Amino acid sequence: MATANKNLSEYDKATIPNASKFRFGIVVSEWNETVTEGLYRGAYEALIDNGVAPNNIVKWDVPGSFELIYGCKKMQEQMVSAVIAIGSVIQGETKHFDFVCEGVTQGIKDLNVMHEVPVIFCVLTDNTMKQALERSGGKHGNKGTEAAIAAIKMAELRRNS
Ligand SMILES: Nc1c(NC[C@H](O)[C@H](O)[C@H](O)CO)[nH]c(=O)[nH]c1=O
Ligand SMILES: CC(=O)[C@@H](O)COP(=O)(O)O
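- Looking at an unreviewed UniProt entry, one finds the chain named 6,7-dimethyl-8-ribityllumazine synthase, with Allotamlana fucoidanivorans as its source organism.
- The UniProt entry for the chain carries the following comment under Sequence similarities (unreviewed entry): "Belongs to the DMRL synthase family."

Take a look at the structure:
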């Protein structure tokens, strides 16, 4: 289903585990900061809405989405239940977009394979700034909210497995 056919911010609280026992690390790219800070707000608010204490949310900033890989690796070493990687990659004039997107995708996948702490992929890969803004608190909702719910569910799965 395309994002255009669903609102990224919608969730049924009755289906979400209580997250008061969890601690989350959020690593945020500074590239396209208007977008990434909007994603962070969505994630933070959803975690709080589901019982996470403010002092159990740790935020680190990194220069760009490619640095999310190293930042999330180091965040996994903290005492956290799950990590959320937040970035916004927007197509420019060259193929750099393709390499950044592929590199970050593979890097975050590798972190999930190699280490115990789940890393949630909250990296927008858009053709335009308009698309990115629409998915970070605009008409399509907020992918940060979606990522926070995924983080809670994966933290619960890790706790029970
Ligand atoms: N163009 C975008 C970048 N590029 C920067 C890279 O992520 C990286 O920081 C640089 O190559 C140094 O290693 N990053 C984004 O997050 N979004 C972009 O649109
Ligand atoms: C994703 C990028 O690195 C890209 O936005 C950079 O723009 P350009 O391809 O025009 O150098």
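What follows picks up the thread again.
Some thoughts on the UniProt feature "active site" (unreviewed entry) in the chain
Phase 1 of the analysis: When the UniProt feature table is mapped to this numbering, "active site" (unreviewed entry) covers His96.
Phase 2 of the analysis: Looking at the element boundaries, histidine 96 is found in helix 3 (residues 96–114).
Phase 3 of the analysis: Given a relative accessible area of 54%, histidine 96 falls into the exposed group.

What about the side chain of serine 88?
Phase 1 of the analysis: Position of serine 88 relative to the elements: it lies in strand 3 (residues 82–90).
Phase 2 of the analysis: Discounting chain neighbours no more than four positions away, the residues touching serine 88 are Trp31, Asn32, Val35, Thr36, Ser65, Leu124 and Ala132.

Considerations on the pairing of strand 1 (residues 24–29)
Phase 1 of the analysis: For strand 1, a buried count of 6 out of 6 residues is recorded, marking the element as mostly surrounded by other parts of the structure.
Phase 2 of the analysis: Both faces of strand 1 are covered, namely the face carrying Phe24, Ile26 and Val28 and the face carrying Gly25, Val27 and Ser29.
Phase 3 of the analysis: By the bridge criterion, 6 bridges tie strand 1 to strand 2 (residues 57–62) in an arrangement that is parallel. Across the sheet, the residue bridging to phenylalanine 24 is isoleucine 57, located in strand 2.
Phase 4 of the analysis: Tracing the backbone out of strand 1, into helix 1 (residues 33–49) and back to the parallel element strand 2 gives a crossover that is right-handed.
Phase 5 of the analysis: In terms of strand pairing, strand 1 meets strand 3 through 5 bridges, oriented parallel. Across the sheet, the residue bridging to valine 28 is isoleucine 86, located in strand 3.

Quick look at the site of ligand 2
Phase 1 of the analysis: In the vicinity of ligand 2, the residues found are Val89, Ile90, Gly92, Glu93, Thr94, His96 and Phe97.
Phase 2 of the analysis: Within the backbone of glutamate 93, an N or O atom sits 2.8 Å from an oxygen atom of ligand 2.
Phase 3 of the analysis: Structurally, ligand 2 is housed in the largest pocket.
Phase 4 of the analysis: Of all elements in the fold, only strand 3 and helix 3 reach the threshold of two or more residues within the shell around ligand 2.

A closer look at the nonpolar core
Phase 1 of the analysis: Residues Phe24, Ile26, Leu47, Ile84 and Ile86 are the most contacted members of the largest nonpolar core, which totals 27 residues.
Phase 2 of the analysis: Taken together, the elements giving at least two residues each to this core come down to strand 1, helix 1, strand 3, strand 4 (119–126) and helix 5 (143–160).
Phase 3 of the analysis: Core analysis: the second largest hydrophobic core is formed by 18 residues, Val27, Val80, Val89 and Val117 among them.

A few points about the site of ligand 1
Phase 1 of the analysis: The immediate surroundings of ligand 1 are formed by Ser29, Trp31, Asn32, Gly64, Ser65, Phe66, Glu67, Ser88, Val89, Ile90 and His96.
Phase 2 of the analysis: In this structure, an oxygen atom belonging to ligand 1 sits 3.4 Å away from a side-chain N or O atom of asparagine 32.
Phase 3 of the analysis: At 3.1 Å from an oxygen atom of ligand 1 is found a main-chain nitrogen or oxygen belonging to isoleucine 90.
Phase 4 of the analysis: About the coverage of ligand 1: the protein hides 76% of its 440 Å² of free accessible area.
Phase 5 of the analysis: Judged by its atoms lying within 2 Å of the grid points, ligand 1 is housed in the largest pocket.
Phase 6 of the analysis: The biggest single contributor to the shell around ligand 1 is strand 3, with 3 residues.
Phase 7 of the analysis: For the shell around ligand 1, the per-class residue count stands at 4 nonpolar, 6 polar and 1 charged.

Conventions and cut-offs
Residues numbered from 1 in each chain as written. Chains lettered and ligands numbered in written order. Predicted model: local features only at pLDDT ≥ 70, side-chain atom pairs only at ≥ 80, totals over all residues. Heavy atoms only, no water. UniProt positions renumbered as here; feature names shortened; annotations may be inferred. Helix = DSSP H or I, 4+ residues; strand = E, 2+ residues; numbered from the N terminus. Buried < 20%, exposed > 50% of the residue type's maximum accessible area, 1.4 Å probe, protein only. Contact = heavy atoms within 4.5 Å. Pairing = 2+ DSSP bridges. Right-handed = clockwise from strand over helix to strand, strands pointing away. Near = heavy atom within 4 Å. Polar contact = N/O pair within 3.5 Å; in protein donor to acceptor, adjacent residues only side chain to side chain. 1 Å grid on protein atoms, 1.4 Å probe; cavity = no way out; pocket = protein on both sides within 12 Å on 5 of 7 lines; lining within 4 Å. Sits in = over half its atoms within 2 Å of the grid points. Core = buried A, V, L, I, M, F, W, Y, C linked by side-chain atoms within 4.5 Å. Areas by Shrake-Rupley, 256 points an atom, 1.4 Å probe, with all protein chains shown as cover. Nonpolar A, V, L, I, M, F, W, Y, C, P; charged D, E, K, R; others polar.

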